[in-house]
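What follows is each chain in one-letter form.
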Number of protein chains: 2
Amino acid sequence: MIRSALKFRRAVLADLPAIVALLADDELGSAREAPWETASHRYRDAFAEIDADPHQLLCVAEIDGLIVGTLQLTFIAGLSRNGSRRGLIEAVRIARERRGERLGEALLTWAIDMCRARGCTLVQLTTDKRRLDAHRFYERLGFEPSHLGYKRQL
Amino acid sequence: MIRSALKFRRAVLADLPAIVALLADDELGSAREAPWETASHRYRDAFAEIDADPHQLLCVAEIDGLIVGTLQLTFIAGLSRNGSRRGLIEAVRIARERRGERLGEALLTWAIDMCRARGCTLVQLTTDKRRLDAHRFYERLGFEPSHLGYKRQL
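Residues numbered from 1 in each chain as written. Chains lettered and ligands numbered in written order. Predicted model: local features only at pLDDT ≥ 70, side-chain atom pairs only at ≥ 80, totals over all residues. Heavy atoms only, no water.

### So, the relation of the copies chain A and chain B
Of the transformation placing chain A onto chain B, the axial shift is 0.0 Å and the rotation is 180 degrees, giving an RMSD of 0.0 Å. Within this description, the copies of the chain are treated as partners about a two-fold rotation axis. Both copies share a contact surface, since 100% of the interface residues of chain A are interface residues in chain B too. (Least-squares fit on C-alpha atoms with pLDDT ≥ 70 in both. Contact = heavy atoms within 4.5 Å.)

Written out as structure tokens, the structure reads:
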């Protein structure tokens, strides 16, 4: 029943408060995100930049008009691997109250199809070492934890 | 003496064979890269796409006209972390015969400055779990191995 109404699409400006709420409603994200009310101009600026970039695709999953998931795709041309293009997945979230319904799996599968359609031969992502559930999730989807992910704050 | 001639700059088409040679001259890369002679059209296409993208910067390190290092930067706008921009580093190589001269450190420091100049508040990269020397290198440069890097071939 629910699945028949599940839809994936490019995000529009009107989705922005719902997406930011998803980013913040997370053990690690809650410490990093400012409330929409105080930082909406920053989120709007970032949205405009993402939306104007033909190599970016900010995605939402929607059920009956409600945003239940999000992720961000970047399609990156590169020289490595004989000049292949790769898809980068960032900022994956499923609404807390909709977890356990395999929406994440459906969203990721759709995102991987988008990468394939853009000619990517590789999809990559990093996930915090503390997100043990996420590790199992990505491994179930055929991702291999072959790399270490390094970050440096500027 | 050598350091005074070390220069970092945006790659141009004429650098392409040298960059591909650096990508291939690597324990893991050698199995992945086709020789320049048979795949040059694919590398040229990829170069054109990178070069035309304002959010990408393919970089080379040069000493006295010789390419001694390379890396690729992608500047990615995002909603996470209050709408912050991040720099992604890929395909880092230093010429085999010039390793141990701290050229990598100088190249990375320059690349991080480029990210800062583009307004990034975070720089990230992944490195194969087998590259133990690389792990020490990035940790010395202040990168934290906080994430797992997942990849899936398409």
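More follows now that the structure is in view.
### Brief notes about helix α2 (residues 36–52) of chain B
Where α2 of chain B bends most, at Arg 42 of chain B, the angle is about 35 degrees. Against β3 (66–77) and α3 (80–83) of chain A together with α1 (16–24), β2 (56–63) and β3 (66–77) of chain B lie the buried residues of α2 of chain B. (Bend = angle between axes of the 7 residues up to and from the residue. Helix = DSSP H or I, 4+ residues; strand = E, 2+ residues; numbered from the N terminus.)

### Details of the pairing of strand β5 (residues 120–128) of chain A
For β5 of chain A, the tally of buried residues reaches 8 of 9 residues, placing the bulk of the element in the interior. Pairing between strand β4 (residues 85–94) of chain A and β5 of chain A: 5 bridges, direction parallel. Opposite Leu 88 of chain A, over in β5 of chain A, you have Gln 124 of chain A as the bridge partner. Following the backbone out of β4 of chain A, through helix α4 (residues 103–117) of chain A and into the adjacent parallel β5 of chain A, one traces a crossover that is right-handed. Two elements, β5 of chain A and strand β6 (residues 144–153) of chain B, share 7 bridges in a ladder whose sense is antiparallel. By the bridge assignment for β6 of chain B, Thr 127 of chain A is matched with Leu 148 of chain B. (Buried < 20%, exposed > 50% of the residue type's maximum accessible area, 1.4 Å probe, protein only. Pairing = 2+ DSSP bridges. Right-handed = clockwise from strand over helix to strand, strands pointing away.)

### What to know about empty space enclosed by the protein
Applying the stated rule across the entire model yields 6 cavities of 30 Å³ or more. Considered as a void within the structure, the largest cavity measures approximately 80 Å³ in volume. If you go around the largest cavity, you meet 15 residues; those closest to its centre are Gln 124, Leu 125 and Thr 126 of chain A together with Leu 125 and Thr 126 of chain B. Only β5 and β6 (144–153) of chain A together with β5 (120–128) and β6 of chain B provide two or more residues apiece to the lining of the largest cavity. Residues belonging to the lining of the largest cavity are distributed by class as follows: 6 nonpolar, 7 polar and 2 charged. Along its surface, the second largest cavity is lined by Ile 76, Ala 77, Gly 78, Leu 79, Ser 80, Ser 84 and Arg 86 of chain A together with Gln 72, Glu 90 and Ala 91 of chain B. Going through the elements one at a time, β3 of chain A together with β4 (85–94) of chain B are the ones with two or more residues in the lining of the second largest cavity. Within the lining of the second largest cavity, the residues separate by chemical class into 4 nonpolar, 4 polar and 2 charged. (1 Å grid on protein atoms, 1.4 Å probe; cavity = no way out; pocket = protein on both sides within 12 Å on 5 of 7 lines; lining within 4 Å. Points joined across faces, edges and corners; volume = space filled by probe spheres on them. Nonpolar A, V, L, I, M, F, W, Y, C, P; charged D, E, K, R; others polar.)

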